[in-house]
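One-letter residues, chain by chain:
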There are 2 protein chains.
Amino acid sequence: MEVPATLNEIFGYIERNKLKYIETLREAVAIRSISCLEECRDETIKMVNWTADRVRKLGMQVSLKDIGMQVLANGKEIKFPPILLGTLGNDPKKQTVCIYGHLDVQPALKEDGWSTDPFELVERDGKLYGRGSADDKGPVLACIHAIEAFQALHVDLPVNVKFFFEAMEECGSLGLKDLVISEQDLFFKDVDYICICDGSWLGTTTPCIFYGLRGCCFFRLTVECASQDLHSGVNGGMLHEAMADVIYLLNSLTDKDGKILVTDFYKNIPPVKPEERSIYSNIDFDVEEYGKSVDAAKLFYKDKVDLLLNCWRYPTLSIHGIEGAHGEYGMKCVIPGEVTGKFSIRIVENQTPDEVEKLIINYLTKKWEERGCSTKMKVSMTTAAFPWSENPHHPHYSAAQRATRYAYQKDGDLIRAGGTIPIITTLKQITGKNIINLGLSAGDDNTHAQNEKIDIHNYIDGTKLMGAYLYEVAKIEK
Amino acid sequence: MEVPATLNEIFGYIERNKLKYIETLREAVAIRSISCLEECRDETIKMVNWTADRVRKLGMQVSLKDIGMQVLANGKEIKFPPILLGTLGNDPKKQTVCIYGHLDVQPALKEDGWSTDPFELVERDGKLYGRGSADDKGPVLACIHAIEAFQALHVDLPVNVKFFFEAMEECGSLGLKDLVISEQDLFFKDVDYICICDGSWLGTTTPCIFYGLRGCCFFRLTVECASQDLHSGVNGGMLHEAMADVIYLLNSLTDKDGKILVTDFYKNIPPVKPEERSIYSNIDFDVEEYGKSVDAAKLFYKDKVDLLLNCWRYPTLSIHGIEGAHGEYGMKCVIPGEVTGKFSIRIVENQTPDEVEKLIINYLTKKWEERGCSTKMKVSMTTAAFPWSENPHHPHYSAAQRATRYAYQKDGDLIRAGGTIPIITTLKQITGKNIINLGLSAGDDNTHAQNEKIDIHNYIDGTKLMGAYLYEVAKIEK
């Protein structure tokens, strides 16, 4: 496939500036913008300001929207990081593309098993290791650099661009929904297309274009047996222990095959149609290779379609950890006084967070009563994100597919994914526009896990993809 | 009860030196001798050397015994802290008392819920807050200061004294047993009586003299589903998760009332005799007050005797936490790749660690097979300490009871306790001598927990107790 001359020039410029782009990513990764940690809030805000400086250099009008205070679980209030709204161009003859990305990252500690400091970008074997390199600082920078390439070559940007960057995504995009609604007739008024730039491919060689995501409901299940931790020798045998009850309750949530045991949980989920299965069968995904890549003890299914459906079309529940217990390395003979089991459920089409919240609370309350637990228990849903799916038979998706071919010399797979982008359903509701999610990072990039990385060639090809995407969206009939 | 004139003088000296003793404890607490943390090993060794300096000032001959290398779970080897053996006097006409204490502490982080820095001694309302203040740095210093008081007043110490201090107690006294055995005909040869100086009273007003302790078996139950952590959205539904299996296994260990469900677990435990119940009924312990002091959601029994028997005469199992999962505060949508459930069992008379290890491994293996788990599982016992009980109808105990009356103006309660001192059974085996455990700290001192403290008056009265104990042991017929 021949790349149009203009794009070819832009791709060349991007290749030539590779080292500069890596240095910019190094600066971004060094900022510890872990949104869920109170002690990292200043750094998270710093990351927004750092990005705003770069966006302003593109000549964009930048507005940093204050969305007020976050109330933490302990009752303390801290400032939310601002939302970055950037606007470049307002030519009514051009399409207006709004690009969403996030500037915050998941927690990461060297002790978790990272080979290197998570907040220092380390290049090894053509890969750039560092928290946020793939999720989502690298992709956000790719968008910025793509526009910069047009400008450096004095090529007229064929679309108006809006940047919509937040820094609370890893906490469920807290505070963002109200801002989006309040900007419906302002910032989002003239938007024609929305591009989410936050996703990882299924594998490592075929790019992916996403038209569906699961939602996510995060729960905290707190059990208290005493007002503070106790000595397991001195007090063991005196009182009912919180750990025993929280573990009983967590154990009641799923069966050995991951099926969620909560009453009526699957009731509203539409059955998989035969044509859906046939779409899945064409997706480039090697079950055995995937299993090896994560060194899985056992996958739920050997069949590709069954496995992908289980991850994309059905809800799953993961238990993440227990706060308040002795989770660090070593031996501490303690009876934890208050512990909080943390789990989340990825929800799918026809499920709503409200419904799931009710089902979970009712179920755990019932289980707790059945056992006759005497500890104190409370369960609450702290984050709620709806599932999303889009019509992929739309010119917007065709434009993205052409851009993919130019950037990677092959077609992308049109797929769903198991992850969640909380704000996407609100964006759909208030704009009514077609939304696409372009993945720039590879399936082995370890987003959310130890040794997150982005391959240098993906970081660079992703920058090309974003340039090509803007170029191709401009061709959609207005 | 009238205090003998010599002791009265010694008590007066101790009172007058209160501030100096508090300053010494401040220095000791500031040393982060957390034996189970690799990064604190240097500080743990420093604590031994710091103590050795103080012991040498008493004119004691000090030997610091190298006991080699500790192999950590990750295969790394680090030096054990040395064992401190101190000898003062070798008069064959005098009784020889060997005093045991430990210099290491449990982990403590301000974030665990401490009101102040755990490693800075803080005085408030007559209490001295700090990790190790009660368990066991305060009591160890009380022993040193008691001898110093005799010397300062030029009162001949009526006994030969041996100090036997270790710094791996909170890790199950790793490495200590072999040293004790090898010193059977050397350091321990002439010992007549052994005094363990490491215990907390049941309540806050009646001193306790302990004649029995439970043993402790610590287990690590590791389950692995993937070679590293994964994203719960991207991968949730693809593979069997380690957290689900470890929680299922932990949940299978006990019922809702804390009863251990492991096959044959109670088989060898002798039944409680009626006369045993009647001894318990005289112990100064207020169930309601205890429940309030820990703000317990529910105690296992309302009856004092039932409750104490459950804690002292029966085994209990506590789950301490899960390593490798997200135990810190906040939200991390992760599928932990490998997790380790940590639990320990306090074992009682007629139970041995070997037997308990076999029962647990067989039971968990059977439960794992029953479920058809496909994750990788391994379970191991990392610490094993035998239960201990002594004959309290011995002149040694009468001497300690007299000392208690002098120091506190009341009788102590002769009791068992639920905790464990790992080396005690080996000391019994190799010396054959009568062993006593004197508690110096109050029942509300929060050993192993947040805001550990020792009351100033207990720290000082405990120093008096140790002086009186040495004075009274000297009177036992040789």
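Residues numbered from 1 in each chain as written. Chains lettered and ligands numbered in written order. Predicted model: local features only at pLDDT ≥ 70, side-chain atom pairs only at ≥ 80, totals over all residues. Heavy atoms only, no water.

**Q** Which parts of the structure should I look at to understand the pairing of strand E11 (residues 215-224) of chain B?
**A** Along a regular strand, successive side chains alternate from one face of the sheet to the other. Residue and element names in this part refer to chain B. Judged by how many residues are buried, E11 sits mostly within the fold: 10 of 10 residues are covered. The side-chain alternation of E11 yields two buried faces, one formed by Gly215, Cys217, Phe219, Leu221 and Val223 and the other by Cys216, Phe218, Arg220, Thr222 and Glu224. Two elements, E11 and strand E15 (residues 338-347), share 10 bridges in a ladder whose sense is antiparallel. Paired with Leu221 across the strands is Gly341, a residue of E15. One ladder, built from nine bridges, connects E11 with strand E16 (residues 376-385); its direction is antiparallel. Among the inter-strand pairings, Arg220 is bridged to a residue of E16, identified as Ser380. (Buried < 20%, exposed > 50% of the residue type's maximum accessible area, 1.4 Å probe, protein only. Helix = DSSP H or I, 4+ residues; strand = E, 2+ residues; numbered from the N terminus. Pairing = 2+ DSSP bridges.)

**Q** So what exactly am I meant to see when it comes to the relation of the copies chain A and chain B here?
**A** It takes a turn of 180° to lay chain A on chain B, together with a shift of 0.0 Å along the axis; the resulting RMSD is 0.0 Å. Considering both components of the superposition, the chain copies are consistent with a two-fold axis. Comparing contact sets, 99% of the residues at the interface of chain A also lie at the interface in chain B, consistent with an isologous, same-surface contact. (Least-squares fit on C-alpha atoms with pLDDT ≥ 70 in both. Contact = heavy atoms within 4.5 Å.)

**Q** Hey, could you run me through the nonpolar core in this one?
**A** Proteins that are soluble and globular tend to have nonpolar side chains buried together. Counting residues in each nonpolar core, the largest one holds 325 residues, and the members touching the most others are Phe163, Phe164 and Tyr469 of chain A together with Phe163, Phe164 and Tyr469 of chain B. The residues contacting Tyr469 of chain A, other than those within four sequence positions of it, are Val97, Tyr193, Ile194, Cys195, His396, Ala400, Ala403, Ile436 and Leu438 of chain A. (Core = buried A, V, L, I, M, F, W, Y, C linked by side-chain atoms within 4.5 Å.)

**Q** I would appreciate a short explanation of the UniProt feature "domain: Peptidase M20 dimerisation" (unreviewed entry) in chain A in the present structure.
**A** UniProt feature "domain: Peptidase M20 dimerisation" (unreviewed entry): in the numbering of this structure it lies at residues 211-369 of chain A. Between the end C-alpha atoms of residues 211-369 of chain A there is a gap of 42 Å, over a span that is 33% helix and 22% strand. (UniProt positions renumbered as here; feature names shortened; annotations may be inferred.)

**Q** Any chance you could explain the sheet that holds strand E16 (residues 376-385) of chain A here in plain terms?
**A** Within a sheet, each strand pairs with its neighbour through backbone hydrogen bonds, oriented either parallel or antiparallel. Residues and elements named next belong to chain A. Strand order in this open sheet of four strands is E13-E15-E11-E16, and the pairing throughout is antiparallel. If you trace the sheet from one side to the other, it starts and ends with strand E13 (316-323) and E16, each paired once. Adjacent strand axes in the sheet meet at a mean angle of 20°, parallel and antiparallel pairs treated alike. Helix H10 (residues 353-371) contacts strand E11 (215-224), strand E15 (338-347) and E16 of the sheet and is inclined by roughly 165° relative to E16. (Axes fitted to C-alpha atoms, helices over the stretch in contact; angles between N-to-C directions.)

**Q** Would you take a moment to explain helix H3 (residues 41-56) of chain A for this structure?
**A** Residues lying three or four places apart along an α-helix face the same way, a consequence of the helix completing one turn every 3.6 residues. Across its 16 residues, H3 of chain A extends 23 Å between first and last C-alpha, which sits within 8% of the 22 Å expected from 1.5 Å per residue. Along H3 of chain A, the residues classified as buried are Arg41, Thr44, Met47, Val48, Trp50, Thr51, Ala52, Arg54 and Val55 of chain A. (Expected span 1.5 Å × (residues − 1).)

**Q** Sorry if this is basic, but what is going on with the pattern of salt bridges here?
**A** Working definition: two side chains of opposite charge can pair if their charged atoms are close together. If you walk through the whole model with that rule in mind, you get 67 salt bridges over all chains. Among the ionic pairs, Glu23 of chain A bridges to Arg26 of chain A, the shortest N-O distance being 3.1 Å. Taken together, the positions of Glu23 of chain A and Arg26 of chain A, both in helix H2 (residues 18-30) and three residues apart, correspond to about one turn of that helix. According to the relative accessible area criterion, Glu23 of chain A is partly exposed, its value standing at 40%. Between Glu472 of chain B and Lys475 of chain B there is a salt bridge, with its nearest N and O atoms 3.1 Å apart. Its relative accessible area of 0% is what places Glu472 of chain B among the buried residues. We classify Lys475 of chain B as partly exposed; its relative accessible area is 47%. Here the residues in one salt-bridge network are Asp444, Asp445, Lys453 and Asp455 of chain A, joined through shared partners. (Salt bridge = Lys/Arg side-chain N within 4 Å of Asp/Glu carboxyl O.)

**Q** How should the interface of chain A and chain B be read in this particular structure?
**A** Many analyses report the size of an interface as the accessible area lost when the parts associate. Contacts between chain A and chain B engage 91 residues on the former and 90 residues on the latter. Counting the surface lost from both chain A and chain B, the interface buries some 7900 Å², and carbon and sulfur atoms represent 54% of this. Contact with chain B buries area across many residues of chain A, yet Met238, Tyr329 and Met331 of chain A alone supply 11% of it, more than any other trio. Applying the counting criterion to the chain A and chain B interface returns two salt bridges. In this structure, Asp112 of chain B and Lys332 of chain A form a salt bridge, with 3.6 Å as the shortest nitrogen-oxygen distance. On inspection of chain A and its partner chain B, the count reaches 46 residue pairs in polar contact (both at pLDDT 80 or more). The element that contributes the greatest number of residues to the side of chain A that touches chain B is E13 of chain A, accounting for eight residues. (Buried area = accessible area lost by both parts, 1.4 Å probe. Polar contact = N/O pair within 3.5 Å; in protein donor to acceptor, adjacent residues only side chain to side chain.)

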